[in-house]
Amino acid sequence: KEGIHAIEICHFHFPATDDDYLAQLKSALESADVTLENVLIDTGNLSNLDDAQWQADIELAKHWQDIAAKVGAKGVRIDCGLESPTSETIKRSADALRELADYGSSLGLATTTENWRTTSIQADDLLEIMRQTDRPLKLCVDFGNAEKTEDKVATLKALLPHGTSLHCKGHFEGLTLDVEEFEQSLSLVKDTDFDGHISLICDGTDDEWDKILTLKQHVERYLF
């Protein structure tokens, strides 16, 4: 619909995960000519210092990797964790991501991480986790999450050269987009060699589709 041919689906969007439903969803995506780029695994804590819970969260992520493979996704996005970043929690996160990247590879899935929750919200910590993981991780750069740091522009400048996908968020007052703010982020993307997929993100559900199409219009005009 409306020229959108790639999507991401959060794990909590699945109303069911039985094989019949996953086959139906895969067929519907194929019929609509829509690529499922990633299943977003928005659960678990890969920097957990409790051994039993850490391992349980790794197994939970593998469960969702299995689901992603069955539904025909190209990959998954996995968050780095909820703990404050220290040398110990960064290593914990990297060890988990390494195991999950290898497991995903065995299923034919790419593994992406993101500047999101506590362990990886700061660019330096996220890049160090990726370095220690020592696997070909992809990186989703999220505009809205960059705004949670002290300097959104500096965070985006640090991450975008490594970015392989974007979560493009904008500020709306009603249906009116703050174009200047949104295009400031797009200008930083334009300054890099970014060529990955772009997800348009809208907080909340009020007039969601109209807002998504507004973001799409500005992304296409500014970047393409």
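Parameters and conventions
Residues numbered from 1 in each chain as written. Predicted model: local features only at pLDDT ≥ 70, side-chain atom pairs only at ≥ 80, totals over all residues. Heavy atoms only, no water. 1 Å grid on protein atoms, 1.4 Å probe; cavity = no way out; pocket = protein on both sides within 12 Å on 5 of 7 lines; lining within 4 Å. Points joined across faces, edges and corners; volume = space filled by probe spheres on them. Helix = DSSP H or I, 4+ residues; strand = E, 2+ residues; numbered from the N terminus. Salt bridge = Lys/Arg side-chain N within 4 Å of Asp/Glu carboxyl O. Axes fitted to C-alpha atoms, helices over the stretch in contact; angles between N-to-C directions. Parallel < 35°, antiparallel > 145°, perpendicular 65-115°, else oblique. Left-handed = near helix turned anticlockwise from the far one by under 90°. Contact = heavy atoms within 4.5 Å. Nonpolar A, V, L, I, M, F, W, Y, C, P; charged D, E, K, R; others polar. Phe/Tyr/Trp six-rings, centres within 6.5 Å; stacked < 30°, edge-to-face > 60°. Lys NZ or Arg CZ within 6 Å of the ring centre and 35° of its normal. Expected span 1.5 Å × (residues − 1). Buried < 20%, exposed > 50% of the residue type's maximum accessible area, 1.4 Å probe, protein only.

How should I be thinking about the layout of surface pockets in this particular structure?
A probe as big as a water molecule, rolled over the atoms, marks out the empty space that is left. Here the largest pocket defines a volume of roughly 1200 Å³. Together, 39 residues line the largest pocket, and Ile 7, Glu 8, Ser 199, Leu 200 and Ile 201 are the ones closest to its centre. Counting only elements with at least two residues in the lining of the largest pocket, the list comes to β1 (6–10), β2 (35–41), β6 (165–169), β9 (197–201) and α8 (208–223). With 6 residues, the single largest contributor to the lining of the largest pocket is α8.

Would you mind showing me how to read the pattern of salt bridges here?
Oppositely charged side chains can pair when the atoms bearing their charge come close. All told, the structure shown has 17 salt bridges when counted by the stated rule. Arg 77 is paired through a salt bridge with Asp 42; the nearest N and O atoms lie 2.9 Å apart. Highlighted residues: Arg 77 in strand β3 (residues 75–78) and Asp 42 in the loop between β2 and α2 (51–70), separated in sequence by 35 residues. Look at the salt bridges and you will find they share partners, linking Asp 42, Arg 77 and Glu 114 into a network.

Looking at this structure, I do not really get the packing of α2 against helix α3 (residues 87–106). What am I missing?
Helix-helix packing is characterised by the crossing angle of the two axes and by the distance between the axes. Between α2 and α3, the least distance of the axes is 10 Å, while the angle of their chain directions is 30 degrees. Taken together, α2 and α3 sit at an angle that is classed as roughly parallel. Seen from above, α2 lies across α3 with right-handed handedness. For the pair formed by α2 and α3, the contact residues are Asp 51, Trp 54, Gln 55, Ile 58, Glu 59, Ala 61, Lys 62, Gln 65 and Asp 66 on the first element and Arg 92, Asp 95, Ala 96, Glu 99, Leu 100, Tyr 103 and Gly 104 on the second. A breakdown of the residues in the contact of α2 with α3 according to their chemical character gives 6 nonpolar, 3 polar and 7 charged.

Would you mind going over the packing of aromatic side chains with me for this structure?
Working definition: an aromatic ring pair is given by the centre-to-centre distance plus the angle between the planes. All told, the structure shown has 2 aromatic pairs when counted by the stated rule. Their ring planes at 55 degrees and their centres at 5.6 Å tell us that Phe 14 and Trp 64 sit as a pair that is tilted. Taken together, the residues span a long stretch of sequence, with Phe 14 in the loop between β1 and α1 (19–31) and Trp 64 in helix α2 at a distance of 50 residues. Looking at Lys 62, its charged tip hangs above the ring of Tyr 103, at a distance of 5.4 Å from the centre. The ring of Trp 116 carries Arg 117 above its face, with NZ or CZ at 4.5 Å from the centroid.

How should helix α7 (residues 179–190) be read in this particular structure?
Taking 1.5 Å of rise per residue, 12 residues should cover 16 Å, and α7 covers 16 Å from first to last C-alpha, within 8% of that figure. All buried positions along α7 are accounted for by Glu 181, Phe 182, Glu 183, Ser 185, Leu 186, Leu 188 and Val 189. Looking at the buried positions of α7, the neighbouring elements they touch are α5 (143–146), α6 (152–159), β6, β8 (176–177) and α8.

Which parts of the structure should I look at to understand empty space enclosed by the protein?
Summed over all chains, the structure comprises 1 cavity of 30 Å³ or more. Its volume calculated, the largest cavity comes out at about 40 Å³. Looking at the largest cavity, the residues that line it are Thr 43, Gly 44, Asn 45, Leu 46, Asp 57, Ala 61, Ile 78, Asp 79, Cys 80, Gly 81 and Arg 117. Among the residues forming the lining of the largest cavity, the class breakdown is 4 nonpolar, 4 polar and 3 charged.

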